[in-house]
Amino acid sequence: MAAAIDSPPVHPSTTLVNVAEDADARLVRVLAPGTSDPAKFEAACGTAVSNGDAAALLGTMVSSGAIAGLLGDAYTVDEAVSAFSLLTVYLNRVGDGGSARELCKSLADEVGRAAGGDDAKRKEKQSAMVAALFNLRNDAAEKVELLAKIIDLADVSAVSPGQPKGVAVLADLLESNVLKSTMKLWGETTTNTELRSLYKSVTKAMERVLAKLSKDDQEDKTIALKIKKTEERKQTYMLHFLETYTDESSLDSDANTYAQEAATGAIRDPINLFSTQRGILGLPAISALQKSQPDLYDLLKIFVSGKLQDYRDFTNMPDKMAVFSAYNLSEDDCTKNMSLLSLVSLAGEHEEIPYSEIASTLSVEEDDVEKWVIAAVASGLMEAKMDQLSKVVIVERCAVRQFGTKEWSALKIRLEKYKTNVKGVLDALEKSSALTEG
């Protein structure tokens, strides 16, 4: 930590404050040059310090522009962070929790408002300052708000998924399961509105990443993988955002916008996003599309639980075809994906599937069946072997598109069959053991 500065400081860029004797006065002198009226600022802060009024001291620092002064070239990142971190001490001295939270938000907002265009150095400093505040606060709601602010300020490289673990700590934290687990450690005091703000920030960050990736060298083989992972994370957080709307009465314009985009994403890439959006139809914001965008909802429902014939019936209705152009959906890609999903559904209903049944389901020649099975296996949605002599596909495992009463009944039958087989093996072993002993 930097040494304590002399009084008066020759220049604030050389040293910053230690938590030591007269730390209050030292911090005020460091911040004063960044205000429009240093003398007035020091007097106001002095009064607040004399009265032991931490809230008034922080309020003065925010309203005077002193925080924004730390973002100038006069301070390095470490120096600005050191001074800003001390403000957390004063936050801890604010007796009222609600006031402390509001002041914490004001400090972070003040840092964010001082953005000077796309200046990389300034943004690095802003992000580091808010991160320092985030690390030193314990309130769950505060941490959620501060994390959203950090994400808004972060460089694209800091939030890009698909990097090796440990390279970008923020990107690692934004992996959905990691963030959910981390927030549980903070406590269960966050509201849906606060979570909504966080999830929206992550979604916007993924849009920034996608915008940058679209400009990168498309011949780089890693770009496609990065785009895939980024789109998956964006879809995940759009669904998290929509999950914060628990009933139709809470829906707003943002809910409708995100519902449309999430539905479109689920239709456009149902294979890679298969597990991400399994419960999408149960979200109130998605259900509301039945009234506002019925064609989009009908198509989404087919991709979630329907089969290829349902899709073909949909596309055979002239009034439904406008949905493809309206939402920039490729009919060819949709047909291909729907065929794969139909094959997965078929695999979920049978342990062995004749080539002829697959050909009939997909409306293809038997000679084309194997390439569709290979594509389904490559997608990761099923594992199977092909008996080319018997022309049968033997299903080893497949993803379940939906799990209702019908699926529970099928599982019961399979378990009963397994139970019978195990009993047969045990009986045989018992008889064999008896014969050996005899």
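Note that the structure is predicted; figures quoted are calculated from it, not measured. (Residues numbered from 1 in each chain as written. Predicted model: local features only at pLDDT ≥ 70, side-chain atom pairs only at ≥ 80, totals over all residues. Heavy atoms only, no water.)

1. Focus: the overall build of the chain
Regarding its fold elements, the chain presents 23 helices and three strands. Split into buried and exposed, the 438 residues of the chain put 42% on the buried side. Intrachain contacts of the chain at a sequence separation of at least 6 include 62% that bridge at least 24 residues. Carbon together with sulfur atoms contributes 52% to the accessible area of the chain, which is approximately 22800 Å² in total. (Helix = DSSP H or I, 4+ residues; strand = E, 2+ residues; numbered from the N terminus. Buried < 20%, exposed > 50% of the residue type's maximum accessible area, 1.4 Å probe, protein only. Contact = heavy atoms within 4.5 Å. Areas by Shrake-Rupley, 256 points an atom, 1.4 Å probe, with all protein chains shown as cover.)

2. A word on unusual backbone geometry
A negative phi angle characterises most non-glycine residues, just as the trans form characterises most peptide bonds. The backbone phi angle of N328 is positive, close to 55 degrees, even though this residue is not glycine. Here N328 shows up in the loop between helix 19 (322–326) and helix 20 (331–349). Owing to a relative accessible area of 64%, N328 belongs among the exposed residues under this scheme. Phi is positive for S363, which is not a glycine, with a value near 55 degrees. Along the chain, S363 turns up in the loop between helix 21 (355–362) and helix 22 (369–378).

3. Let's talk about the nonpolar core
In terms of nonpolar packing, the biggest core is built from 121 residues, with L198 and L242 touching the most fellow members. Apart from residues no more than four positions distant in its own chain, L242 is found in contact with A255, Y258, A259, A262, L283, A285 and I286. (Core = buried A, V, L, I, M, F, W, Y, C linked by side-chain atoms within 4.5 Å.)

4. A short note on the side chain of K234
Here K234 is to be found in helix 13 (residues 221–243). On the basis of relative accessible area, K234 is assigned to the buried category, the value being 13%. For K234, the residues in contact, after removing those within four places along its chain, are T203, M206, E207, L210 and E261.

5. Describing helix 17 (residues 294–305)
A rise of 1.5 Å per residue sets the reference length of helix 17, with its 12 residues, at 16 Å; its end C-alpha atoms lie 16 Å apart and thus fit the reference within 8%. Among the residues of helix 17, L296, Y297, L299, L300, I302, F303 and V304 are the ones counted as buried. Among the structural elements, helix 14 (253–268), helix 15 (284–287), helix 16 (289–292), helix 18 (308–315), helix 19 and helix 20 are those in contact with the buried residues of helix 17. (Expected span 1.5 Å × (residues − 1).)

Interpretation note: all reported values are geometric properties and have no functional meaning in isolation.
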